[in-house]
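The chain contents come next:
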Amino acid sequence: MSKLPLISGKDCIKALTKIGFYVRRQRGSHIILRREEPFGELVIPAHKELDKGTLRAIIRQADLEVNEFIKLLK
């Protein structure tokens, strides 16, 4: 298992848009992303640094492996 990087919510959103997610709406500091096929909806906190547990949960909900997510960051 690869080590999770320390990234911001903005960087996380940029990576997830590469696989079909788009910003649906925002409420406070939480940004809701959506993907139509296959359907998925994620809530990303717009923080300067995401906690490791939060990032791991986002990756899992997006049906990705940690290695796949790290490749999307590049």
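Refer to the structure printed above.
Since we're looking at a predicted model, the values are computed, not measured.

### Things to note about the sheet that holds strand 3 (residues 40–45)
Turning to step 1, where the next piece is worked out: An order of 1-2-3 is seen for the 3 strands of this open sheet, with the pairing classed as antiparallel. Pairing within the sheet leaves two strands with one partner each, and these edge strands are strand 1 (22–27) and strand 3. Going across the sheet, the axis of each strand differs from the next one's by a mean of 25°, ignoring polarity.
Turning to step 2, where the next piece is worked out: Bridge count between strand 1 and strand 2 (residues 30–35): 5 bridges; the pairing is antiparallel. Bridge assignment links Tyr22 to a residue of strand 2, and that residue is Arg34.
Turning to step 3, where the next piece is worked out: Where helix 1 (residues 9–17) meets the sheet, its contacts fall on strand 1, strand 2 and strand 3, and the angle it forms with strand 3 comes to roughly 160°.

### Quick word on helix 3 (residues 66–73)
Turning to step 1, where the next piece is worked out: Among the residues of helix 3, those classed as buried are Val66, Phe69 and Leu72. Buried residues of helix 3 fall within an arc of 115° about the axis and therefore sit on the same side.

### Observations regarding the side chain of Ser8
Turning to step 1, where the next piece is worked out: Looking at the element boundaries, Ser8 is found in the segment before helix 1.
Turning to step 2, where the next piece is worked out: Beyond its immediate stretch of four places on either side in the chain, Ser8 contacts His47, Lys48, Glu49 and Leu50.

### Quick look at unusual backbone geometry
Turning to step 1, where the next piece is worked out: Cis geometry is found at the peptide bond from Glu37 to Pro38, where omega equals -15°.
Turning to step 2, where the next piece is worked out: Looking at where Pro38 falls in the secondary structure, it is placed in the loop between strand 2 and strand 3.
Turning to step 3, where the next piece is worked out: One non-glycine residue, Asp63, adopts positive backbone phi at about 60°.

### What to know about the pattern of salt bridges
Turning to step 1, where the next piece is worked out: Following the criterion strictly, the structure yields 1 salt bridge and no others.
Turning to step 2, where the next piece is worked out: Arg34 is the partner of Glu41 in a salt bridge, and the nearest nitrogen-oxygen pair spans 3.3 Å.

Quick notes on the rules
- Once a new chain begins, its residue numbering starts again from 1 and follows that chain's sequence as written.
- A pLDDT threshold of at least 70 governs which residues receive local features in this predicted model, and a stricter bar of 80 or more applies before side-chain atom pairs are shown or counted, although totals over entire chains, interfaces and linings include all residues.
- As a rule here, side-chain values cover all heavy atoms of the structure and leave hydrogens and water aside.
- Whether two strands pair comes down to DSSP finding at least two bridges between them.
- Secondary structure is summarised from DSSP: a helix means a run of H or I of at least four residues, a strand means a run of E of at least two, and numbering begins at the N terminus for each.
- Helix axes are fitted only over the stretch in contact, all axes being lines through C-alpha atoms; the angle between N-to-C directions runs from 0 to 180 degrees.
- Residue contacts follow a heavy-atom distance rule, with two residues in contact if any of their heavy atoms lie within 4.5 Å.
- For every residue, the accessible area obtained with a 1.4 Å probe (protein chains only) is divided by the maximum for its type, and the residue is called buried under 20%, exposed over 50%, and partly exposed between those limits.
- Taking the helix axis as origin, the arc is that swept by the directions to the C-beta atoms.
- By salt bridge we mean one thing: a side-chain nitrogen of Lys or Arg within 4 Å of a carboxyl oxygen of Asp or Glu.

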